[in-house]
Amino acid sequence: MGAHHTSKIVGTVWGLLILNTLGSTGAKTIVPLPRSLIQMVTMGALVAAFALALAVNLRLRVRPSAFVFLLTLLLVPSVISSVSLESGFGALFRCARLALFVGTLWLLSRWWDGGVTFVRHHVRMYFAVLGSVAAGLVISPGAALPELYGGRLVGALWPLTPPQIGQYAAVIVGLTVLLVLGRRTDRASAAVVIVPSLVLLALTHTRTATLGLLIGLTLAIGSLILTSAAARRFFTWAVLCAAVAAVGFASALQAWFLRGQSRENFSNLTGRAKVWDALLAAPRTTAEEVFGMGLGDKSFDGLPIDNSWLAVYQEQGLVGVALVAAVFIVLGGVALLRPPSLQRACAIFLISYCAIASYTEAGLGDASPYLLHLALAASLLATPAEAATPLGTPDVPQRHVPRWARRSEVT
């Protein structure tokens, strides 16, 4: 199998993982899509991703990865809590999905060499997803900006919620900005990605994604300031533009940020705090406290939890919370120990973004875009090893050279 062909397959596998994590619930689409059909597509994408990854890695060569190892350990409380079927048979189905997801990451880890190849796959696939959102907005503005969501942008062709769209836009904007600063792409190509993505982000009115983008980029660019003149220039201009915007557009920014809500509703995090308080006050057995109640739909009493830590506590217990915390500690610690580089900056951005989003978004305990973002960070922090096979290098068995032949070569 040729190197270019293998590289395309690996990129396809990453795209299929992204397709699997798009979800099956969201706004009403222009053409109604049955949820069963959407689930068939997303699960089919995961099965295809695992099969393709296995096809290009038949020898099961993997790289040691603390991140994927911790995700593998996360399967333990997931299965222990799900076998009781408190959350129904769907819990076991979600465990199988998580196992396939983690297995695919193990197979792909062979090509995690600290390069930016997977960053490009990430940006391209999510930009394609945002392209479908933009197409839906052009075809049917009413369906893309429904009153049900307060006029916020949703997916009209594929059921995507405003927070999902905001997340995808913020992540690819941040990564593309860093690629420009690292001179891995030209400004014209970057503008094609950044400008429409920022427009879509603004139309979603997603505060979490916006804060994650700003804080994540600040930390990432800050890690490059001492070694990159381009990063210093960008940081200086960004601070000046932010100061001008804060003074000249303060009222407009405040209106956008509040989204028409009262200050009381805003301080209550749009009702999230009530769900969190009820979840923490609910009675639990010791087993439920330690291992959780099984993988579910990240809800409590029919209401979304919208907090990764509490969702993991609900479904995978204190063990799950400890493992997810270990993921951030390991990735963050490795990133801080690495010398300044573009790869380190991208990893810092992704880790920071996921940490900020975890407060108002769920997903760190199950197959989700957030785990893919962190997997990308892990691939960027992987140290190139001489024994590691570069992306696209086929398996070539080493030819045995007899001892007498080696002696003759020396002489």
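Residues numbered from 1 in each chain as written. Predicted model: local features only at pLDDT ≥ 70, side-chain atom pairs only at ≥ 80, totals over all residues. Heavy atoms only, no water.

Draft legend 1. Examining the side chain of His122 more closely. Its location among the elements puts His122 in helix H5 (residues 117-139). Among the residues examined, His122 registers a relative accessible area of 0% and is labelled buried. Here His122 is in contact with Trp14, Ile18, Val171, Ile172, Leu175, Leu372, His373 and Leu376, once residues within four sequence places are set aside. (Helix = DSSP H or I, 4+ residues; strand = E, 2+ residues; numbered from the N terminus. Buried < 20%, exposed > 50% of the residue type's maximum accessible area, 1.4 Å probe, protein only. Contact = heavy atoms within 4.5 Å.)

Draft legend 2. Structural detail: the environment of Thr286. Structurally, Thr286 is set in helix H14 (residues 286-291). Spatially, the C-alpha atom of Thr286 lies 9.8 Å from that of Gly317, the residues being 31 residues apart in sequence.

Draft legend 3. Summary view of a nonpolar patch on the surface. Taken together, the side chains of Ile30, Val31, Leu33, Leu37, Met40, Val41, Val138, Ile139 and Leu157 present a nonpolar region at the surface, about 800 Å² in accessible area. Of all the elements in the fold, those that place two or more residues in the nonpolar patch are helix H2 (35-55) and H5. The element best represented in the nonpolar patch is H2, accounting for 3 residues. Along the chain, the position of Val31 falls in the loop between helix H1 (3-20) and H2. With relative accessibility at 56%, the residue Val31 sits in the exposed group. (Patch = residues over 30% accessible without salt bridge, like charges linked within 9 Å, V, L, I, M, F, W, Y side chains within 5 Å. Areas by Shrake-Rupley, 256 points an atom, 1.4 Å probe, with all protein chains shown as cover. Salt bridge = Lys/Arg side-chain N within 4 Å of Asp/Glu carboxyl O.)

Draft legend 4. Quick look at the nonpolar core. Ranked by internal contacts, the top residues of the largest apolar core, which has 102 residues, are Trp14, Phe67, Leu105 and Leu178. The leading source of residues in this core is helix H7 (residues 162-181), at 12 residues. Apart from the residues within four sequence positions on either side, Phe67 is in contact with Leu105, Val327, Leu331, Leu371, Leu374, Ala375 and Ala378. Counting 9 residues, the second largest nonpolar core, distinct from the first, contains Trp276, Ala282, Ile305 and Leu310. (Core = buried A, V, L, I, M, F, W, Y, C linked by side-chain atoms within 4.5 Å.)

Such coordinate-based values are descriptive only and should not be taken to indicate function.
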